[in-house]
Amino acid sequence: MEGKRLSFLEWLGLASLFIVLPTLTASVVSFSIPYYLLHNVTLANTLSTIIPIVVFAISVIYFNKYLQSRNLISPFTKRSSITILPDSGQPIDEKFIRRFEVNLKFAKGEEYIKRLAMLGMMYLQNAVAYDNKDLYLRAKEYLAKAEEAMEGKSVSFETKMMVDYLRSKIETYKYRFGER
């Protein structure tokens, strides 16, 4: 499930392409046009300061989105592992779950179904840990989404097992949360 971890040189090459090249181009163009065509040094200095900063910020945002969409991991990102086991009673950090939800939009096909099942398990684990029915209902929503996404598709045995396991765990805890 984890993406491909980039080496430093791969990351540097991509960062140069996405961030350094556009920023340098913006710097040269934003200085050259006012200086050589308009002969205005003040305007050239002002624009060559503001425009590269804006281009740099936008480039960094698009670079991070590119890495997320391709499931690439920066060499500076520390590895984090969690245990998804609702019976453990240990909650999962909400920030981790939110990041996982944000990255869900980049998943396609069978990977999308697996991530839906994993999100359902995470919410179920937190529902059990915090004794929170709302989190339990959210886990049921993710189960329904996973089942809907599986309809009419040929998926691997592993994916079917993940969805079935989530369904059985939700069935196990339904009486605890007041469902019949």
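Here is what the cut-offs are and how they apply
- Residues numbered from 1 in each chain as written.
- Predicted model: local features only at pLDDT ≥ 70, side-chain atom pairs only at ≥ 80, totals over all residues.
- Heavy atoms only, no water.
- Phe/Tyr/Trp six-rings, centres within 6.5 Å; stacked < 30°, edge-to-face > 60°.
- Helix = DSSP H or I, 4+ residues; strand = E, 2+ residues; numbered from the N terminus.
- Buried < 20%, exposed > 50% of the residue type's maximum accessible area, 1.4 Å probe, protein only.
- Lys NZ or Arg CZ within 6 Å of the ring centre and 35° of its normal.
- Salt bridge = Lys/Arg side-chain N within 4 Å of Asp/Glu carboxyl O.

## Concerning the packing of aromatic side chains
- Tallying each qualifying case throughout the model produces 11 aromatic pairs.
- Ring plane angle 35° and centroid distance 4.7 Å describe the contact between Phe-18 and Tyr-66, whose orientation is recorded as tilted. Of the two residues, Phe-18 is situated in helix α1 (residues 8-37) and Tyr-66 in helix α2 (residues 41-69); the sequence distance between them amounts to 48 residues.
- On the basis of an interplanar angle of 5° and a centroid distance of 5.8 Å, the ring pair of Tyr-123 and Tyr-142 is categorised as stacked. Taken together, the residues span a long stretch of sequence, with Tyr-123 in helix α4 (residues 110-130) and Tyr-142 in helix α5 (residues 133-150) at a distance of 19 residues.
- Assessed through its relative accessible area of 0%, Tyr-123 is described here as buried.
- One aromatic cluster is present, formed by Phe-8, Trp-11, Phe-18, Phe-63, Tyr-66 and Phe-76 through successive ring pairs.
- Sitting over the ring of Phe-100, Arg-115 keeps its end group 5.7 Å from the ring centre.
- The ring of Tyr-142 carries the charged tip of Lys-145 above its face, separated from the ring centre by 5.0 Å.

## What about the pattern of salt bridges?
- Under the criterion given, the structure shown has 10 salt bridges.
- Measuring nitrogen to oxygen at the nearest pair gives 2.5 Å for the salt bridge that ties Arg-167 to Asp-164. One end of the pair, Arg-167, and the other, Asp-164, are both in helix α6 (residues 157-173), 3 residues apart, so they sit about a helical turn from each other.
- A salt bridge links Lys-174 to Glu-171; its shortest N-O distance comes to 2.7 Å.
- In the salt-bridge network here, residues are joined through shared partners; they are Glu-94, Arg-98 and Glu-101.

The quantities given are spatial measurements derived from coordinates; they are silent on function.
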